[in-house]
Amino acid sequence: MTATTTTTATPILETRALVKEFQQGGFLSKRMLRALGGVDVSIQPGEILALVGESGSGKSTLARCIARLEKPTSGQILLDGVDVLTTEKGHASREYRGRLQMVFQDPFGSLNPVHRISHFLERAIRNQERLTGAALEERLESLMARVDLDANMLASYPHELSGGQRQRVAIARALAVDPKVILADEPTSMLDVSVRIGVLNLMRALRDDKGIAMIYITHDLASARYLADRIAVLFAGELVEEGESLEILANPAHPYTELLVSAVPDPDRAGSYDPERRAQLRQRVLAADSCPFDGDPGNPCSRTEPVRHRVGDAGLRHLVRCHLYRPATAAGANALVPTVEDVAS
Amino acid sequence: MSNDKLLDIKNLTVQYRGDVRTTTAVDDVSFGIAEGEIFGLAGESGCGKSTIANTILRLLKYPAEVAGGSIMFNGRDVLALNGEELRQFRWREVAMVFQSAMNSLNPVLTIGEQMRDIFTAHLPVTKREADARCGELLEMVQIDQGRLKSFPHQLSGGMRQRVVIAMAVALRPRMLILDEPTTALDVVVQQEIMAEIKTLQAELGFSVLFITHDMSLMVELSHQMAVMYSGRIVEQGPASTLHHRAAHLYTRALMNAFPPITGERVELRGLGEGVRLRRIDNLAPVGPNHWAAPISDEDRMSLAQQSTGAEGGQQ
């Protein structure tokens, strides 16, 4: 249905060894929690990348770091090859915001109830360029048309719109500045089931027409498979596997991905839940004794380094972190997951 | 339907009455649940499924009002129960796991104190006996007894959900109402909770009224199911029949709203916004044990445009 991009041009957005640690406890506390442990993701222009993982796996932290709503502890964020963390210290420039926009999970909370829809779009446009009168009107109407909303709704207040319509307004607001990348953090999870597909289809249409790259954050693997070209799986703040959507879900190479895939409800394979298998998978996620990619030339297995093995054809861009790697050992006391000894006790 | 049903709802109509207008949230709905059966009630937000659950437990508050119909549970008229009878009925006969159940625990009491309440309120037991039974209950949902001393915030979302389920089955009710029990949980925990419910159901043999909008989950768990739209049931039958041979366009649209995890990637079309069924007629049989509402011509036209995309894509 969609032509997947297989080019290896300069990524529009890239993170290198991105680390985010949160302070725990009081003001003077030295206890830190490592929410992101060195994440490398890259996304090509016009590509849709899905970030999946359980609650607490660091998906949203990663998105918030990229959107510059959080300051990463270390690492690099490259937009069009420029490390924005060194060129724009402190907070993001207006120019950065013009190229990267975010759509949030809750369309009820992300639109101020006292303003009309036109206000949200006008403000976004005015931040980037001076438009008035007829030209502004025209732009507003074209934005509304782009997200399949009636132009009459510009005069409405958020409470007069349904959840799906509100999320479309949030998407229109992101589009107003003509961004190159849109970060969407669970954009459909608060919507009614029958309108979810419509929002996903809209996102895909925007990619197809305007070549906007998207990062789609979700815990719904089926929708990630539906929308995204590529899926990256996060566990405990680290990337464990990534690859072409269909390939990675059909042939998960990491036990954690396998765990996620097996948990998706699917009537056609009802009764597939096996508690023993689940326990085995969990054990292997935290403390595998062997790695099926042992003997990978050039990438020897390692317990302390997050070595990435290639799975299958290079064209599939399917990479998996070595099963033997123990994140707890690397992160020390700041680890997000317990060490193996803790699990056993 | 015959009277071998544990729960038998006939022509139930519930209205929310306002000064200016009255909304009919549940409109002439009839269904029954047999002993030990898992019955799924599917539909979008606002279709009236939670109102039905609240009506069964008599939790409706002003301005909601039962405008007609009957609810029989085990031969007794639920709508006629008064004070003490109602107190006995709730939790002992029918218990409920509420939507966002994780937040239904009291944050300032320990798990043990809250669970003990159930026993001391409903049974003639001492505190010590109650505590022992609380421990057993927790073990039944695979939580360590030591957790009785924990406060809700010390437990993960999945564990809190297990506690709430344990509390619901504490008095061995004959029926359990699950109102979107896993909506706030992620997939892995969701599957474990559903498996837990299945195990408990097999062990204790209660009936289940399972309310959700997740069709895949519902088809996987339920025996029988009904699909609601704006207060009306549009289709009812065995879950597998509805999954494979849905008769009503709305059921099909709802089934098509979830992308599959296997097979070809095909373009789906949900039910578009703004598309509304205008009239829903009474259910008519379309197969053995399978009923669907006939679709009026005008609705057929507007819905057909929406669903052709989905059907075309699957060929």
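All of these numbers come straight from a predicted model, not from anything done at the bench. (Residues numbered from 1 in each chain as written. Chains lettered and ligands numbered in written order. Predicted model: local features only at pLDDT ≥ 70, side-chain atom pairs only at ≥ 80, totals over all residues. Heavy atoms only, no water.)

## Some points on unusual backbone geometry
What counts, and what does not: Per the convention used, a helix needs a DSSP run of H or I reaching at least four residues, while a strand needs a run of E reaching at least two, with both numbered from the N terminus. Throughout, exposure labels follow a simple rule: accessible area from a 1.4 Å probe, protein chains only, divided by the maximum for the residue type, with under 20% read as buried, over 50% as exposed, and the rest as partly exposed.
Residue Pro63(B) is bonded to the preceding Tyr62(B) through a cis peptide linkage, with omega at 10 degrees. Assignment of secondary structure puts Pro63(B) in the loop between helix H1 (49-56) and strand S4 (64-73). Not every positive phi belongs to a glycine, and Ala236(A) is a case in point at roughly 50 degrees. Locating Ala236(A) in the fold gives a position in the loop between strand S9 (230-235) and strand S10 (238-244). For Ala236(A), a relative accessible area of 11% translates into the label buried. Phi is positive for Arg317(A), close to 50 degrees, though the residue is something other than glycine. Looking at where Arg317(A) falls in the secondary structure, it is placed in the loop between strand S11 (308-310) and strand S12 (319-321).

## Topic: the domain arrangement of chain B
All names here are of chain B. Rules: Segment limits for the domains were obtained from an automatic or database-derived domain assignment. Summed over both partners, the accessible area (1.4 Å probe) lost when two parts come together is defined as the buried area. Here a salt bridge means any side-chain nitrogen of Lys or Arg lying within 4 Å of a carboxyl oxygen belonging to Asp or Glu. Polar contact criterion, stated in full: a pair of N or O atoms within 3.5 Å, where within protein one must be able to donate a hydrogen and the other to accept it, and residues adjacent in sequence count only if both atoms are side-chain atoms. Polarity classes work like this: nonpolar for Ala, Val, Leu, Ile, Met, Phe, Trp, Tyr, Cys and Pro, charged for Asp, Glu, Lys and Arg, and polar for all others, with Gly in that last group.
Taken domain by domain, chain B consists of domain 1 (5-93 + 173-314) and domain 2 (100-172). Between the C-alpha centres of domain 1 and domain 2 there is a distance of 29 Å. Overall, the association of domain 1 and domain 2 removes approximately 1,700 Å² of surface from exposure, summing both partners, and the carbon and sulfur fraction of that is 66%. Counting across the domain 1 and domain 2 interface gives two salt bridges. Put simply, domain 1 and domain 2 have five residue pairs in polar contact (both at pLDDT 80 or more) between them. Counting residues per element, the side of domain 1 that touches domain 2 draws most heavily on helix H6 (residues 187-204), at eight residues. By residue class, the composition of the side of domain 1 that touches domain 2 is twelve nonpolar, no polar and seven charged.

## Brief notes about the pattern of salt bridges
Residue and element names in this part refer to chain A. Scanning the entire structure with this criterion turns up 33 salt bridges over all chains. In this structure, Arg277 engages Glu258 in a salt bridge whose closest nitrogen and oxygen atoms are separated by 2.3 Å. Of the two residues, Arg277 is situated in helix H11 (residues 275-287) and Glu258 in helix H10 (residues 255-262); the sequence distance between them amounts to 19 residues. If you follow the salt bridges from partner to partner, you end up with Glu47, Arg230, Glu242, Glu244, Arg308 and Arg317 in one network.

## A closer look at the packing of aromatic side chains
Selection criterion: Any two rings among Phe, Tyr and Trp, with Trp reduced to its six-membered ring, count as a pair given centres within 6.5 Å; such a pair is stacked if its planes are under 30 degrees apart, edge-to-face if over 60, and tilted if neither. When the NZ atom of lysine or the CZ atom of arginine is within 6 Å of a ring's centre and also within 35 degrees of its normal, the charge is said to sit over that ring.
Tallied over the entire structure, the rule returns four aromatic pairs over all chains. With a centroid separation of 4.7 Å and 5 degrees between ring planes, the pair formed by Phe31(B) and Phe39(B) is classed as stacked. In this structure, Phe31(B) and Phe39(B) share a single accessibility class: buried. Ring geometry for Phe73(B) against Phe89(B): centres 5.6 Å apart, planes inclined by 80 degrees, an arrangement best described as edge-to-face. Of this pair, Phe73(B) sits in strand S4 while Phe89(B) sits in helix H2 (residues 83-89), and the two are 16 residues apart along the sequence. Note on Phe89(B): relative accessible area 2%, which makes it buried. Across from the ring centre of Tyr96(A), 5.6 Å away, lies the NZ or CZ of Arg68(A), which sits over that ring. One Lys or Arg, Arg204(A), reaches over the ring of Tyr226(A) and ends 4.9 Å from the middle of that ring.

## Description of the sheet that holds S11(A)
Residues and elements named next belong to chain A. The condition that has to hold: By this definition, two strands are paired if DSSP reports at least two bridges between them. Only the stretch in contact is used when a helix axis is fitted, and all axes are lines through C-alpha atoms; the angle between N-to-C directions ranges over 0 to 180 degrees. When checking whether two residues touch, look at their non-hydrogen atoms; a contact exists if any pair is within 4.5 Å.
Pairing is mixed across the open sheet formed by eight strands, whose spatial order is S6-S7-S8-S3-S9-S10-S12-S11. A single partner strand is all that each edge strand has here, and the edge strands are strand S6 (100-103) and S11. Pairs of neighbouring strands in the sheet enclose a mean axial angle of 20 degrees, with direction left out of account. Bridging between S10 and S12 involves two bridges; their strand directions are antiparallel. Paired with Glu242 across the two strands is Leu319, which belongs to S12. With respect to the sheet, helix H1 (residues 59-66) is in contact with strand S3 (48-52), S6, strand S7 (181-185), strand S8 (213-218) and S9, its orientation differing from that of S8 by roughly 150 degrees. In the packing of H10 onto the sheet, the strands contacted are S3, S9 and S10, and the crossing angle to S9 comes to about 105 degrees.

## Observations regarding the side chain of Glu88(A)
Residue and element names in this part refer to chain A. Inspection of the secondary structure puts Glu88 in the loop between helix H2 (84-87) and helix H3 (94-99). For Glu88, the side chain forms a polar contact with the side chain of Ser93, separated by 2.8 Å. Other than its neighbours up to four places away in sequence, Glu88 contacts Arg68, Ser93 and Tyr96.

## Some words on the sheet that holds strand S1 (residues 5-17) of chain B
Residue and element names in this part refer to chain B. Ordered by their spatial adjacency, four strands build an open sheet running S2-S1-S4-S5, and the pairing between neighbours is antiparallel. Each having just a single partner strand, strand S2 (22-34) and strand S5 (76-77) make up the two edges of the open sheet. Of the strand pairs in this sheet, S1 and S2 are connected by nine bridges, and their pairing is antiparallel. Of the residues in S2, the one forming a bridge with Gln15 is Thr24. Packing of H1 onto the sheet brings it into contact with S1, S2 and S4, and relative to S1 it is tilted by some 115 degrees.

## A word on the packing of helix H3 (residues 111-122) of chain B against helix H4 (residues 127-140) of chain B
Residue and element names in this part refer to chain B. Going by this rule: In this scheme the handedness of a crossing depends on how the near helix is turned from the far one: anticlockwise by less than a right angle means left-handed, clockwise means right-handed.
Between H3 and H4, the least distance of the axes is 9 Å, while the angle of their chain directions is 115 degrees. As H3 runs across H4, the sense of the crossing is right-handed. Each of Gly112, Met115, Arg116, Phe119 and Thr120 in H3 lies in contact with H4, whose residues at this interface are Lys127, Ala130, Asp131, Arg133, Cys134, Leu137 and Leu138.

## Observations concerning the interface of chain B and chain A
Counting residues at the interface gives 37 residues for chain B and 43 residues for chain A. Where chain B packs against chain A, one counts two salt bridges. Here Arg278(A) makes a salt bridge to Glu192(B), at a shortest N to O gap of 3.0 Å. For the pair chain B and chain A, the number of links is eleven residue pairs in polar contact (both at pLDDT 80 or more). Breaking the side of chain B that touches chain A down by element, the ones donating at least two residues are H6, helix H7 (215-221) and helix H8 (239-244) of chain B. If you tally residues by element for the side of chain B that touches chain A, the top one is H6(B), at seven residues.

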